[in-house]
Each structure stands twice: as C-alpha cells, then as structure tokens.
Amino acid sequence: LEQLQKQEAQGTTEKEINGIRIVDNVEDNRLQIFFPGKPSEEIRGKLKSWGFRWSPIVGAWQRHRSDAATYAAKQIIAVL
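Below or above, wherever it landed, is the structure these notes cover.

Definitions and cut-offs
- Residues numbered from 1 in each chain as written.
- Predicted model: local features only at pLDDT ≥ 70, side-chain atom pairs only at ≥ 80, totals over all residues.
- Heavy atoms only, no water.
- Helix = DSSP H or I, 4+ residues; strand = E, 2+ residues; numbered from the N terminus.
- Rg over C-alpha atoms; globule rule 2.2 N^0.38 Å.
- Buried < 20%, exposed > 50% of the residue type's maximum accessible area, 1.4 Å probe, protein only.
- Contact = heavy atoms within 4.5 Å.
- Areas by Shrake-Rupley, 256 points an atom, 1.4 Å probe, with all protein chains shown as cover.
- Polar contact = N/O pair within 3.5 Å; in protein donor to acceptor, adjacent residues only side chain to side chain.
- Pairing = 2+ DSSP bridges.
- Axes fitted to C-alpha atoms, helices over the stretch in contact; angles between N-to-C directions.

Thoughts on the overall build of the protein chain
Here is step 1: For the protein chain, the count of helices and strands is three helices and five strands.
Here is step 2: Of the regular secondary structure in the protein chain, the N- to C-terminal order runs α-β-β-β-α-β-β-α.
Here is step 3: For the protein chain, the C-alpha radius of gyration of 13 Å lies close to 12 Å, the compact-globule estimate for 80 residues.
Here is step 4: Each principal axis of the C-alpha distribution contributes one length, and for the protein chain these read about 40 × 25 × 20 Å.
Here is step 5: Counting every position in the protein chain, which comprises 80 residues, the buried fraction comes to 34%.
Here is step 6: For the protein chain, long-range pairs separated by at least 24 residues make up 42% of all intrachain contacts whose partners lie at least 6 apart in sequence.
Here is step 7: Summing over all exposed atoms, the protein chain offers an accessible surface of approximately 5,500 Å²; the carbon and sulfur share of this is 49%.

Quick notes on the side chain of arginine 65
Here is step 1: Mapped onto the fold, arginine 65 is located in the loop between β5 (60–64) and α3 (67–78).
Here is step 2: Classification of arginine 65 by relative accessible area gives buried; the value is 18%.
Here is step 3: Of note is the side chain of arginine 65, whose polar atom sits 2.4 Å from the side chain of aspartate 24.

Some remarks on the sheet that holds strand β4 (residues 53–55)
Here is step 1: Ordered in space as β1-β2-β3-β5-β4, the five strands form an open sheet in which the pairing is antiparallel. Edge positions in the sheet fall to β1 (13–17) and β4, since each has one partner strand and no second. Pairwise comparison of adjacent strand axes, ignoring direction, gives a mean angle of 25° for this sheet.
Here is step 2: Of the pairings in the sheet, the one linking β4 to β5 comprises three bridges and is antiparallel in character. If you follow serine 55 over to β5, its bridge partner there is alanine 60.
Here is step 3: Sheet strands touched by α3: β1, β2 (20–25), β3 (30–34) and β5. Its angle to β3, the strand with the most contacts, is close to 15°.

Comments concerning the pairing of β1
Here is step 1: One ladder, built from five bridges, connects β1 with β2; its direction is antiparallel. Pairing of glutamate 16 across the sheet is with arginine 21, part of β2.
Here is step 2: As consecutive antiparallel partners, β1 and β2 are separated by two residues, and within that stretch asparagine 18 has a phi angle of approximately 55°, a positive value.

Here is the structure:
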C-alpha cells in the first residue's frame, strides 16, 4: 500500500539522450526506451539480457519500473 501511494505521488518523467527517449511511465508502471529506428542486434541482445522486452503496441522496449531498471537503461545507453 505504501509503495502504491508513493507511485501515485510521482509523475511520469521523460528524458532524451542521443536521440533515444527514456520514459519512466508511472501510470503503466514501466520504464520504456524508445529508439528512433530498429536497434542493432547487439543492442537488442543487451536489452533482452537486462530484462527489457519489446512491446509492439507501445513501440518501445520496456520492463517494470525499479531502480534496477533505471540502472539497466543507463548501462545500455552508455554503450551507444
């Protein structure tokens, strides 16, 4: 219950790094990464190894929100 109340107090945030948009989507409880095009096979492999999954409905790579998800996104973007 405490965690849900904490989430409600937060809002969705978005930042762009090197043309890649990272959205911390509070409403959907997802961390989403939007690429301008299809990422390379190497990057897709890294995304999968860090727990991200492709969502064709949203058009983004995403996973559940957490500190670990934020860290993983930063690690993936750092190699680009």
